[in-house]
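In case you want the letters, here they are:
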Amino acid sequence: MSSAPRPEPREPKPALVFDDPLDQQSSDDTDRGWGDRPRTDSAADLKRFLDEKPPHHL
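Residues numbered from 1 in each chain as written. Predicted model: local features only at pLDDT ≥ 70, side-chain atom pairs only at ≥ 80, totals over all residues. Heavy atoms only, no water.

Engineer: An account of the overall build of the protein chain is requested, with residue identities and associated values reported.
Structural biologist: Of the regular secondary structure elements, the protein chain holds one helix and zero strands. Burial statistics for the protein chain: of 58 residues in total, 0% are counted as buried. In the form shown here, the protein chain has an accessible surface area of approximately 6,600 Å², with 54% of it arising from carbon and sulfur atoms. (Helix = DSSP H or I, 4+ residues; strand = E, 2+ residues; numbered from the N terminus. Buried < 20%, exposed > 50% of the residue type's maximum accessible area, 1.4 Å probe, protein only. Areas by Shrake-Rupley, 256 points an atom, 1.4 Å probe, with all protein chains shown as cover.)

Engineer: Before we move on, could you go through the pattern of salt bridges and cite the residues and values that matter?
Structural biologist: If you walk through the whole model with that rule in mind, you get two salt bridges. Notably, a salt bridge pairs Asp51 with Lys47, separated by 2.8 Å at the nearest N-O pair. Placement of the pair is Asp51 and Lys47 together in helix H1 (residues 42–52), with a separation of four residues, close to one helical turn. Among the residues examined, Asp51 registers a relative accessible area of 53% and is labelled exposed. Between Glu52 and Arg48 there is a salt bridge; the shortest N-O distance is 3.4 Å. Taken together, the residues Glu52 and Arg48, both in helix H1 and four residues apart, mark about one turn of the helix. (Salt bridge = Lys/Arg side-chain N within 4 Å of Asp/Glu carboxyl O.)

Function-wise, these values are silent; they only describe arrangement.
So, in structure tokens, the structure goes:
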């Protein structure tokens, strides 16, 4: 009788994907990827404008 340890199960290797990467939309292709905020109402837009206005534009 052999006392060799049993091999531990290994995780499967990730499969190779040969899809065209340019067919998929990246986060940079969206407004959100460029740092834009989701659309809101006009009052919120005015508040954002006034909050982000440089001091020399008072």
